[in-house]
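# A look at the structure
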Amino acid sequence: MTTKNILSIKNLQVQINNTVIIKNLNLSINSGEIHAIMGKNGSGKSTLAKVIAGHPKYKIIQGQIIFDGQDITYMTPEERSHYGIFLAFQYPIEIPGVSNADFLRTAYNAKKNFQNENELDPLSFLDIINKKIHEIEMESSCLNRNVNEGFSGGEKKKNEILQMSLLDSKLSLLDETDSGLDIDALKVISNTINNFQNQNKAIILITHYQRLLDYIKPHYVHIMKEGNIIHTGDFTIVEQLEKYGYQYINSSIN
């Protein structure tokens, strides 16, 4: 199958509170690809993910974001989600008073409405979500609890991946999905992500550590520093970073 460009970021410059935090960044991702973004704390990794997803806190002052052939630079987060962008948060929030099942069904049916398809009633939706929960080895009781309320760190991260799978997103931005996971949960989540990925989708993994990338092999690894991508390579970069730290990147580009 021939690949097509799914995300193209051109000369992107972003500011918050009049401070520029993304600086003339360029990035191109094709369908079927997995890209990892690494870098020290404060390098702009999470900011980039939020900007792609349309977080209103950040102001784009230059550049363009093209998703699946469409200019989404100034689209709302809701529109981007409907078109197929999903962001798994580094710190998933709790939503008191909203059951997980209702939240997931509302999100699913909102996308169905956008695509001019029929909504699913609660029973039909339950059939779908129970299969998804089984795949990710979540307890069915998580559906009856409020969104992320009282969830362990691992349960919260599994709930994010459950949303990604349910919404069948074209571009998934996974912000430190591996943080707070024990080895068993990491394996389950990694397996779910690998099974989810296909030639029509793309994934961006934001991580600090090699262990996630041992399970989900990226096609490209990007290193960010001070709001820009300063180096791009393959998985061998990750192995060198594990041995020598970011000094390896500094020495290799000087």
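Structural data are supplied above this passage.
Just so you know, these numbers come straight off a predicted model, no measurement behind them. Residue numbering note: each chain is counted from 1, following its sequence as written. Local features in this predicted model are restricted to residues whose pLDDT is 70 or higher, and side-chain atom pairs enter the listing and the counts only when it is 80 or higher, whereas totals over whole chains, interfaces and linings include all residues. Side-chain figures throughout are based on the complete set of non-hydrogen atoms in the structure, without hydrogens or water.

This part covers a negative patch on the surface. To count toward a patch, a residue needs a relative accessible area over 30% and no salt bridge; like charges are then connected within 9 Å, while nonpolar side chains (Val, Leu, Ile, Met, Phe, Trp, Tyr) are connected within 5 Å. Per-residue accessibility takes into account occlusion by the displayed protein chains alone, with areas from the Shrake-Rupley method and a 1.4 Å probe. The salt bridge definition used is simple: a Lys or Arg side-chain nitrogen within 4 Å of an Asp or Glu carboxyl oxygen. Neither His nor the chain ends is counted toward charge; the positive residues are Lys and Arg and the negative residues Asp and Glu. Charge positions are represented by NZ for Lys, CZ for Arg, CG for Asp and CD for Glu. Judged by side-chain charge, Asp214, Asp234, Glu239 and Glu242 come together as a negatively charged surface patch. Strands are runs of DSSP state E lasting at least 2 residues, helices are runs of H or I lasting at least 4, and numbering of each runs from the N terminus. With respect to the element layout, glutamate 239 can be found in helix α8 (residues 236–244). Note on exposure labels: buried denotes an accessible area under 20% of the residue type's maximum, exposed denotes more than 50%, and partly exposed covers the range between, all computed with a 1.4 Å probe on protein chains only. For glutamate 239, a relative accessible area of 34% translates into the label partly exposed.

As summarised here, the arrangement of the six strands in space is β6-β9-β10-β3-β11-β12, forming an open sheet in which the pairing is mixed. Two strands in the sheet have a free side with no partner beyond their single neighbour: β6 (85–88) and β12 (228–233). Here the average twist between neighbouring strands, direction ignored, is 20 degrees. Pairing geometry for strand β3 (residues 34–38) and strand β10 (residues 202–206), over four bridges, is parallel. Two strands qualify as a pair provided DSSP detects at least 2 bridges between them. Geometry is summarised by axes, namely lines fitted to C-alpha atoms with helices restricted to the contacting stretch, and by angles between N-to-C directions that run from 0 to 180 degrees.

Glancing now at the sheet that holds strand β4 (residues 59–67). Pairing is antiparallel in the open sheet, where four strands are placed in the order β2-β1-β4-β5. Edge strands, defined here as strands with exactly one partner in the open sheet, are β2 (19–30) and β5 (70–71). As defined by bridge partners, strand β1 (residues 5–16) adjoins β2 across eight bridges and the pair is classed as antiparallel. Counterpart to valine 14 in the pairing with β2 is isoleucine 22. Residue contacts are counted whenever heavy atoms from the two residues lie within 4.5 Å of one another. Relative to the sheet, helix α1 (residues 45–53) contacts β1, β2 and β4, its axis offset from that of β1 by approximately 110 degrees.

So, on to the nonpolar core. By size, the foremost hydrophobic cluster in this structure holds 41 residues, and its most contacted members are Met38, Leu174, Ile193, Leu205 and Ile223. Tallying contributions element by element places helix α6 (residues 183–196) first for this core, with six residues. Not counting residues within four places of it along the chain, the set of residues in contact with isoleucine 223 comprises Met38, Asn228, Ile229, Ile230, His231, Ile237, Leu241, Tyr246 and Ile249. In this structure, Leu12, Ile22, Ile37 and Ile52 belong to the second largest nonpolar core, which totals 31 residues. Grouping buried Ala, Val, Leu, Ile, Met, Phe, Trp, Tyr and Cys residues that are joined through side-chain atoms within 4.5 Å yields what is termed a nonpolar core.

Two side chains bearing opposite charge may form a pair once their charged atoms approach each other closely. Under the criterion given, the structure shown has six salt bridges. Measuring nitrogen to oxygen at the nearest pair gives 3.0 Å for the salt bridge that ties lysine 4 to aspartate 68. Highlighted residues: lysine 4 in the segment before β1 and aspartate 68 in the loop between β4 and β5, separated in sequence by 64 residues. Under the relative-accessibility criterion, aspartate 68 is labelled partly exposed at 24%. Between lysine 112 and glutamate 117 there is a salt bridge, and its shortest N-O distance comes to 2.8 Å. Exposure remark for glutamate 117: the relative accessible area of 36% places this residue in the partly exposed category. A single network of salt bridges, built from pairs that share partners, joins Lys4, Asp68 and Lys170.

This next bit is on the packing of aromatic side chains. Aromatic rings from Phe, Tyr and Trp, taking only the six-membered ring of Trp, are treated as a pair when their centres fall within 6.5 Å; an angle between ring planes under 30 degrees marks them as stacked, one over 60 as edge-to-face, and anything in between as tilted. The tally for this structure, following the rule as stated, stands at two aromatic pairs. Plain terms: the ring middles of tyrosine 83 and phenylalanine 114 are 5.0 Å apart, the flat faces sit at 85 degrees to each other, and that makes the pair edge-to-face. Here tyrosine 83, found in helix α2 (residues 77–83), pairs with phenylalanine 114, found in helix α3 (residues 100–114); they are 31 residues apart in sequence, far enough to count as distant. Overall, the relative accessible area of 31% leaves tyrosine 83 in the partly exposed class. A centroid spacing of 5.7 Å and a plane angle of 55 degrees characterise the contact between tyrosine 108 and phenylalanine 125, whose relative ring orientation is tilted. Placement of the pair is tyrosine 108 in helix α3 and phenylalanine 125 in helix α4 (residues 122–136), with a sequence separation of 17 residues. In this pair, the class of tyrosine 108 matches that of phenylalanine 125, namely buried. Comment: the charge-over-ring label is applied if NZ (Lys) or CZ (Arg) is within 6 Å of the ring centre and within 35 degrees of the ring normal. Against the face of phenylalanine 196 rests lysine 201, its NZ or CZ located 3.7 Å from the ring centre. One Lys or Arg, lysine 217, reaches over the ring of phenylalanine 235 and ends 4.9 Å from the middle of that ring.

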